[in-house]
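Here's the letter readout for the chains.
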Amino acid sequence: MKIEDLTAFVAVIRLQSTRLAADELGLTQPAITRRVQNFEESLGIALLNRQTKPLKPTLMGNRVYQQCRHILREVDALTDLVAADSPPSGLLRLAVPQSLSESSLLPALKKLSSQFPEIQPRLSSGWGEELLLRVQSQELEAAVVLFPLSKQFPEGVENQPLGAVDLVVVGPKDPQALPQRLEDCYQRGWILNPQGCGFRAALQRALTEQGLPLLINLEAFGTTLQLSLIAEGRGLGLMPRALVEHHALRDKLELYALKDFAPRSQLWLIYPNVPASQIPAIDAFAAAIAEGLDLADVHKPSTC
């Protein structure tokens, strides 16, 4: 029985695909298939129901999967014990919220590459709940996410608050009087991220509480695209204040200080049980994201 066979089996079950498992482990699909077959032969039992799509484990296969995950965690812990004093190295899968990806991913990548040249970062983005699930299933070593301060995280997910993020309603430069309340500006319509964005959900809740509809003019990804459309007068937006303040389009935009709508979100670092040797790189990644949102001096090193 070989560790690489266990690893291949766990990846296939977790991703429900030999192709995705091959991509993650840097192997070919035939190589993944051979490793899973070798593992089944070593145990003398079929572990996969090969008649289903996506692939599903048999009843015993599911029990073996749970045990294999425990074994691999122990192997990681043993490796970490030996290499605790070594600099971070190897593949590091990290993610940020979709709403911060344009402004955050490149600075974070530069910081990781500069401080930890042996790290091979694989960066991605997504909505908060999606990233939380990926951390739970150990598809990610860490993610920086935006959730309310009151967010309760599931067992097995380490979490650390990085600081409060002020959100602001953004409109085009306008010599007329600025709106004072949400009802003064909602009819102009909004330029927002698609469904799944926490900022959009916060706005929806606030409007609903006042009996007002959410009028979507445009759904668009990316800070620059949204701010460009807002500057042209095509609608209002909602995003972190720091992203607007530092943007090249700032002089074409107004930030509305509404008396009845001043939402805040909380930036969190979340991660499963990861090797201690990777923690410095994860901390550097989180610090880069926090700095981009003007959250200076809020990040403390993680403990594991």
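Residues numbered from 1 in each chain as written. Predicted model: local features only at pLDDT ≥ 70, side-chain atom pairs only at ≥ 80, totals over all residues. Heavy atoms only, no water.

- In the annotation of an unreviewed UniProt entry, the protein is listed under the name LysR family transcriptional regulator and assigned to Rahnella bonaserana.

## Some details on helix α3 (residues 29-43)
Now for step 1: Taking 1.5 Å as the rise per residue, α3 with 15 residues should run 21 Å; its terminal C-alpha atoms sit 21 Å apart, in good agreement.
Now for step 2: All buried positions along α3 are accounted for by Ala31, Ile32, Val36, Phe39 and Glu40. (Helix = DSSP H or I, 4+ residues; strand = E, 2+ residues; numbered from the N terminus. Expected span 1.5 Å × (residues − 1). Buried < 20%, exposed > 50% of the residue type's maximum accessible area, 1.4 Å probe, protein only.)

## So, the nonpolar core
Burial of nonpolar side chains together is a common tendency in soluble globular proteins.
Now for step 1: Residues Leu182, Trp190, Leu203 and Leu267 are the most contacted members of the largest nonpolar core, which totals 50 residues.
Now for step 2: It is helix α11 (residues 279-292) that contributes the most residues to this core, 9 residues altogether.
Now for step 3: The next biggest cluster of nonpolar side chains, apart from the first, holds 20 residues, and it includes Ile13, Ala22, Val36 and Val64. (Core = buried A, V, L, I, M, F, W, Y, C linked by side-chain atoms within 4.5 Å.)

## Some points on the packing of helix α2 (residues 18-25) against α3
Relative orientation and spacing of two packed helices are given, respectively, by the angle between their axes and the distance between those axes.
Now for step 1: Contact pair α2 / α3: the axes reach a minimum separation of 8 Å and the direction vectors enclose 100°. Accordingly, the angle class assigned to the pair α2 and α3 is roughly perpendicular. On α3, the residues that touch Thr18, Arg19, Ala21, Ala22 and Leu25 of α2 are Gln29, Ile32 and Thr33.
Now for step 2: Looking at the contact of α2 with α3 residue by residue, the class counts come to 4 nonpolar, 3 polar and 1 charged. (Axes fitted to C-alpha atoms, helices over the stretch in contact; angles between N-to-C directions. Parallel < 35°, antiparallel > 145°, perpendicular 65-115°, else oblique. Contact = heavy atoms within 4.5 Å. Nonpolar A, V, L, I, M, F, W, Y, C, P; charged D, E, K, R; others polar.)

## What about the packing of helix α5 (residues 101-115) against α11?
Now for step 1: Contact geometry of α5 with α11 gives a least axis separation of 9 Å together with a crossing angle of 145°. When the axes of α5 and α11 are compared, the crossing they make is right-handed. For the pair α5 and α11, contact is made by Ser104, Ala108, Lys111, Leu112 and Gln115 and by Ala281, Ala284, Phe285, Ala287, Ala288, Ile289 and Glu291, respectively.
Now for step 2: Across the contact of α5 with α11, the residue classes tally to 8 nonpolar, 2 polar and 2 charged. (Left-handed = near helix turned anticlockwise from the far one by under 90°.)

## Observations regarding the pattern of salt bridges
Now for step 1: Scanning the model with the defined rule gives 13 salt bridges in all.
Now for step 2: For Glu141, the salt bridge goes to Arg93, with nearest N and O atoms at 2.6 Å. With a gap of 48 residues between them, Glu141 in the loop between α6 (128-136) and β5 (142-147) and Arg93 in strand β3 (residues 90-97) connect regions that are remote in the sequence.
Now for step 3: Put simply, Glu129 and Lys151 hold a salt bridge, and the shortest N to O gap is 2.9 Å. One end of the pair, Glu129, is in helix α6; the other, Lys151, is in the loop between β5 and β6 (158-172), and 22 residues separate them in sequence.
Now for step 4: We classify Glu129 as partly exposed; its relative accessible area is 44%.
Now for step 5: Taken together, the shared-partner salt bridges connect Arg14, Glu24, Arg93 and Glu141 into one network. (Salt bridge = Lys/Arg side-chain N within 4 Å of Asp/Glu carboxyl O.)

## Section: the UniProt feature "domain: HTH lysR-type" (unreviewed entry) in the protein
Now for step 1: Per the UniProt entry, the sites bearing "domain: HTH lysR-type" (unreviewed entry) are residues 1-58 in this numbering.
Now for step 2: Note that residues 1-58 is 62% helix and 7% strand, and that its end C-alpha atoms are spaced 20 Å apart. (UniProt positions renumbered as here; feature names shortened; annotations may be inferred.)

## Structural notes on the packing of aromatic side chains
Now for step 1: For the structure on display, the rule yields 4 aromatic pairs.
Now for step 2: Plain terms: the ring middles of Phe9 and Phe39 are 5.4 Å apart, the flat faces sit at 45° to each other, and that makes the pair tilted. One end of the pair, Phe9, is in helix α1 (residues 3-15); the other, Phe39, is in helix α3, and 30 residues separate them in sequence. One exposure class covers both Phe9 and Phe39, and it is buried.
Now for step 3: With centroids separated by 5.9 Å and ring planes inclined at 75°, the aromatic side chains of Phe147 and Phe153 adopt a geometry described as edge-to-face.
Now for step 4: Residue class for Phe147 comes out buried when judged on its relative accessible area of 8%.
Now for step 5: Given a relative accessible area of 14%, Phe153 falls into the buried group.
Now for step 6: A network of ring pairs unites the aromatic residues Phe147, Phe153 and Trp268 as a single cluster. (Phe/Tyr/Trp six-rings, centres within 6.5 Å; stacked < 30°, edge-to-face > 60°.)

## What about a nonpolar patch on the surface?
Now for step 1: There is a patch of nonpolar side chains on the surface, built from Met1, Leu43, Ile45 and Met60 and spanning about 370 Å² of accessible area.
Now for step 2: Within the fold, Ile45 resides in the loop between α3 and β1 (48-49).
Now for step 3: Take Ile45: its relative accessible area is 34%, and that puts it in the partly exposed class. (Patch = residues over 30% accessible without salt bridge, like charges linked within 9 Å, V, L, I, M, F, W, Y side chains within 5 Å. Areas by Shrake-Rupley, 256 points an atom, 1.4 Å probe, with all protein chains shown as cover.)

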